[in-house]
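This is what each chain is made of:
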Amino acid sequence: MHGAVDVLVVGAGPTGLALACDLARRGVRAHVVEAAARPFPGSRGKGLQPRTQEVLDDLGVMAALQAAGGPFPPMQTWRDGRRQGEWRLIEQDPDAPASRYPGPWMVPQWRTQEILRDRFLALGGSVEYGTRFTSLHQTDRHVLAELAHPDGSRRTLTVPYLVGADGGRSTVRESLGVAMKGGADDLRPSLVADVRVRDLDRDHWHIWPDAPGGPLLLCPLPGTDDFQLSARTDIEDPEPAPEAVRALIAARTHLPADAVTDVGWVSGYRPRTALAERFREGRVLLAGDAAHVHPPGGGQGLNIGVQDAYNLGWKLGQVIRHHAPPALLDSYEAERQPAAAAVLELSTRLYRAGRRPEGGSAEARERGRVTHQLSAHYRDSTLSTETRERLSPAAAQAGDRAPDLPCATPDGGTRRLFELLKGPHFTLLAVGCPPPGTPSDIRTHQVTDCPLADELGRGLFLIRPDGHIGLATRDPAYLARYLAKVGFQVPAAL
Ligand SMILES: Cc1cc2nc3c(=O)[nH]c(=O)nc-3n(C[C@H](O)[C@H](O)[C@H](O)COP(=O)(O)OP(=O)(O)OC[C@H]3O[C@@H](n4cnc5c(N)ncnc54)[C@H](O)[C@@H]3O)c2cc1C
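Per chain, residue numbering runs from 1 following the sequence as it is written. Owing to the predicted nature of the model, reporting of local features is limited to residues with pLDDT of at least 70; listing and counting of side-chain atom pairs is limited to 80 or more, with chain, interface and lining totals taken over all residues. Heavy atoms from the whole structure form the basis of all side-chain values; hydrogens and water molecules are not counted.

- With an unreviewed UniProt entry as reference, the protein chain is termed FAD-dependent monooxygenase, source organism Streptomyces ficellus.
- UniProt positions are given in the numbering used here, feature names are shortened, and annotations may be inferred rather than shown by experiment. What UniProt records for the protein chain under Cofactor (unreviewed entry) is the sentence "FAD".

Quick look at the sheet that holds strand 10 (residues 143-148)
Alright, step 1. Strand pairing follows a simple DSSP-based rule, namely that at least 2 bridges must link the two strands. Elements are defined by DSSP. Helices are runs of H or I of four residues or more, strands are runs of E of two residues or more, and each kind is numbered from the N terminus. What the 3 strands build is an open sheet, ordered 9-10-11; its pairing is antiparallel. Here the strands that pair on one side only, and so sit at the sheet edges, are strand 9 (132-138) and strand 11 (154-159). On average, adjacent strands in this sheet sit at an angle of 25 degrees to one another, irrespective of strand direction.
Alright, step 2. Bridge count between strand 9 and strand 10: 6 bridges; the pairing is antiparallel. Residue Ser-135 lies in a different strand from strand 10, and its bridge partner there is Glu-146. In this description, a line fitted to the C-alpha atoms serves as the axis of each element, helices being fitted only across the stretch in contact, and the angle between N-to-C directions of two axes falls anywhere from 0 to 180 degrees.

A few points about the site of the ligand
Alright, step 1. Contacts to the ligand come from 28 residues, most closely from Thr-15, Glu-34, Arg-44, Gln-109 and Asp-289.
Alright, step 2. Between Ala-35 and the ligand, the recorded distance is 3.0 Å, taken from a backbone N or O atom to a nitrogen atom.
Alright, step 3. Whenever a nitrogen or oxygen atom comes within 3.5 Å of another N or O atom, the pair is scored as a polar contact, on the condition that within protein one atom can donate a hydrogen and the other can accept it, and that pairs from neighbouring residues in sequence are kept only if both atoms are in side chains. The backbone of Leu-302 places a nitrogen or oxygen atom 3.3 Å from an oxygen atom of the ligand.
Alright, step 4. Computed with a 1.4 Å probe, the accessible areas rest on the Shrake-Rupley method; for each residue, only the protein chains presented here act as cover. For the ligand, whose unbound accessible area comes to 1000 Å², protein coverage reaches 86%. Each residue is tested against the molecule or strand, and it is near if at least one of its non-hydrogen atoms lies within 4 Å.

Details of the side chain of Asn-311
Alright, step 1. Relative to the helices and strands, Asn-311 is located in helix 7 (residues 301-322).
Alright, step 2. Side-chain polar atoms of Asn-311 contact the side chain of Glu-335, separated by 2.8 Å.
Alright, step 3. Among the polar contacts made by the side chain of Asn-311, one reaches the side chain of Tyr-378 at a distance of 3.3 Å.
Alright, step 4. Should any heavy atoms of two residues lie within 4.5 Å, those residues are considered in contact. Setting aside anything within four residues of it in sequence, one finds Asn-311 in contact with Tyr-332, Glu-335, Arg-336, Tyr-378, Arg-464 and Asp-466.

A word on empty space enclosed by the protein
Gaps left between atoms are located by rolling a probe of water-molecule size over the structure's atoms.
Alright, step 1. Using a grid of 1 Å spacing that covers the protein atoms alone, one calls a set of points a cavity when a 1.4 Å probe fits there but cannot get out, and a pocket when the set is open and has protein on both sides within 12 Å along at least five of seven lines; lining residues are those with an atom within 4 Å of a point. Grid points are joined across faces, edges and corners, and a volume is the space filled by probe spheres set on the points. Scanning the model with the defined rule gives 2 cavities of 30 Å³ or more in all.
Alright, step 2. As a volume, the largest cavity reaches approximately 100 Å³.
Alright, step 3. As for the largest cavity, its lining consists of Arg-51, Val-55, Gln-307, Tyr-310, Asn-311, Arg-336, Gln-373, Ala-376, Tyr-378, Asp-466 and His-468.
Alright, step 4. If you list the elements that add at least two residues to the lining of the largest cavity, you get helix 2 (50-58) and helix 7.

Focus: the packing of helix 1 (residues 14-25) against helix 7
Alright, step 1. Contact pair helix 1 / helix 7: the axes reach a minimum separation of 8 Å and the direction vectors enclose 25 degrees. Here helix 1 is positioned roughly parallel relative to helix 7, judged by the angle of their axes. Helix 7 is crossed by helix 1, and the crossing has right-handed handedness. On helix 7, the residues touching Pro-14, Thr-15, Ala-18, Leu-19, Asp-22, Leu-23 and Arg-25 of helix 1 are Leu-302, Gly-305, Val-306, Ala-309, Tyr-310, Leu-312, Gly-313, Trp-314 and Leu-316. In this scheme, roughly parallel covers angles under 35 degrees and roughly antiparallel covers those over 145, while 65 to 115 is roughly perpendicular and the rest are oblique. If you view the pair so one helix is near and one far, a crossing is left-handed when the near helix is turned anticlockwise from the far one by less than a right angle, and right-handed when it is turned clockwise.

Quick look at the sheet that holds strand 5 (residues 75-79)
Alright, step 1. Across the sheet, which stays open at both edges, the 7 strands sit in the order 6-5-15-16-17-14-18 with mixed pairing between neighbours. Each edge of the open sheet is held by one strand with a lone partner, namely strand 6 (82-87) and strand 18 (260-269). If you compare each strand with its neighbour and ignore which way they point, the axes differ by 20 degrees on average.
Alright, step 2. Both strand 5 and strand 6 contribute to a ladder of 5 bridges, which runs antiparallel. Residue pairing for strand 6: Arg-79 is matched across the bridge by Arg-82.

Here's the deal with the packing of helix 2 against helix 7
Alright, step 1. Axis separation between helix 2 and helix 7 bottoms out at 10 Å; the angle between their running directions is 45 degrees. The orientation of helix 2 relative to helix 7 falls into the category oblique. Relative to helix 7, helix 2 is oriented so that their crossing is left-handed. Across the interface between the two elements, Arg-51, Thr-52, Val-55, Leu-56 and Asp-58 of helix 2 pack against Asn-303, Val-306, Gln-307 and Tyr-310 of helix 7.

Re helix 6 (residues 242-252)
Alright, step 1. Every buried residue of helix 6 is listed here: Val-245, Leu-248, Ile-249 and Arg-252. Around the axis of helix 6, the buried residues are gathered within 95 degrees of arc, so they sit on the same side. Across helix 6 from its buried face, at more than 90 degrees, point the exposed residues Glu-243 and Ala-251.
Alright, step 2. Along its buried surface, helix 6 packs onto strand 14 (190-197), strand 15 (205-208), strand 16 (216-220), strand 17 (227-232) and strand 18. Each residue is assigned to one of three classes by its accessible area relative to the maximum for its type, calculated with a 1.4 Å probe on protein chains only: buried under 20%, partly exposed between the two thresholds, exposed over 50%. An arc is given here, and it is the one of the directions from the helix axis to the C-beta atoms.

Remarks on the domain arrangement of the protein chain
Alright, step 1. Marked domain ranges trace back to an automatic or database domain assignment. According to the domain assignment, the protein chain consists of domain 1 (7-69 + 100-183 + 273-371), domain 2 (190-269) and domain 3 (385-485).
Alright, step 2. A C-alpha centroid distance of 49 Å is found between domain 2 and domain 3.

Pasting the structure below:
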């Protein structure tokens with residue numbers, strides 16, 4: 001770590017690292033501390049949902065993730081040692097909003113974290129492994145964070161803001177005295193492990209649905225020789241021995257124990273659902289699993305943490321770099337807490353339902369529809385200003401993710417909107433009208449005669465850096481008010 005820090009991020013999981021990348025690319029000095037001595041080795045959150053891929057594209061890591069990953073393979077059911085047929089767990093939702101990334105993409109979590117960490121380091125950031133956050137004290141100007149090192153030494157870091165991205169057992173959350181509101185705690189324990197298995201093809205996600213003791217699944221992990229094992233069990237041990245993992249596979253599949261040639265990372269856990277009562281306390285914010293813990297149903301946990309980071313990064317950037325009113329940070333909890341509550345309900349429902357071959361295409365389509373996260377919106381947020389009247393509920397409006405549709409550019413070419421949005425800036429679209437003047441760090445595009453213009457209709461659309469429409473209006477007078485709210489110095493002429 002060199003020099004002053006604007007934001008101390010506690011936890012180098014996917015949430016903390018995604019936030020650190022977003023902060024660094026907007027010139028906010030972020031430093032990450034991580035209790036573990038080395039990067040996380042497990043594959044656990046392996047499915048990147050379409051909306052998360054869009055976010056990761058904007059953060060500059062999607063090309064590396066595409067090279068490291070692969071599409072979800074078809075499921076293969078086994079009974080009595082015989083293949084019973086292929087089926088799809090997820091089918092793409094034909095009614096989903098247009099996206100460059102229409103389906104889920106599989107990357108082991110350790111690899112996603114490695115790619116995010118490398119991106120953050122390339123952006124000039126720093127990650128300190130083996131450094132544990134232990135407690136904090138905050139004033140109205142600073143946060144004083146106590147950090148402990150493996151040699152027993154301690155130091156205090158004084159920073160303007162601190163983000164607890166330190167997972168489900170968050171010490172930051174505990175230090176704030178923020179309680180978790182519980183949900184389902186009656187879910188059966190699960191075991192997840194990374195294993196190598198002989199004599200099993202890598203073109204399918206294998207499932208033994210009727211195994212004694214409960215279904216067992218083995219999913220080939222792209223870019224590795226591993227399979228991810230997942231099974232409901234009654235094993236409460238958080239780190240079962242390799243022999244227990246081999247015995248489980250032998251008991252529930254046709255494979256003998258010695259077909260398991262290697263057992264790597266293993267985790268036994270009891271899924272919980274819980275939501276933090278607050279996501280912000282003064283200068284300290286909570287994100288990812290520190291704010292909401294989920295069962296793995298529907299593969300949402302990692303995804304929603306990355307989306308928290310994307311919502312928070314630009315707001316911290318506006319407050320720290322542009323002197324936006326700190327009240328802007330209140331909108332983080334207002335927007336993300338309901339989003340997390342909806343995902344908790346969804347992942348609990350999908351975890352209870354399990355993965356069933358007999359569900360067929362209708363179930364696969366439904367799973368695709370509810371998990372892509374492309375329709376998540378902030379229409380009820382105080383940061384969403386919609387002044388047009390008599391809109392149909394289906395119309396793109398303030399609070400929605402902006403539609404990623406083709407857009408005519410002044411050079412006569414066509415680009416998708418998200419290509420124009422890429423980067424940490426706000427974007428103003430003037431659709432079918434002349435663009436008003438704006439501060440220089442807002443990018444403005446005049447848009448006519450293209451699918452994007454047809455979808456939005458005439459008006460001014462201010463797109464937030466996280467791709468959501470902040471303001472939709474036909475009256476330019478609203479623009480100055482909105483820009484002041486998010487921290488821009490607005491010229492008197494505007
Ligand atoms: C066994 C298991 C299986 C899962 N399977 C899936 C799945 O299939 N699909 C899916 O989408 N999600 C899955 N999840 C959930 C997903 O992995 C998490 O939602 C995701 O990792 C959350 O990211 P995060 O960065 O918020 O927290 P974490 O990944 O938990 O990262 C928090 C980091 O903070 C560090 N830390 C903790 N305390 C301190 C401290 N005091 N000081 C400094 N650092 C600290 C930790 O070491 C850790 O590296 C699973 C979770 C578990 C536990």
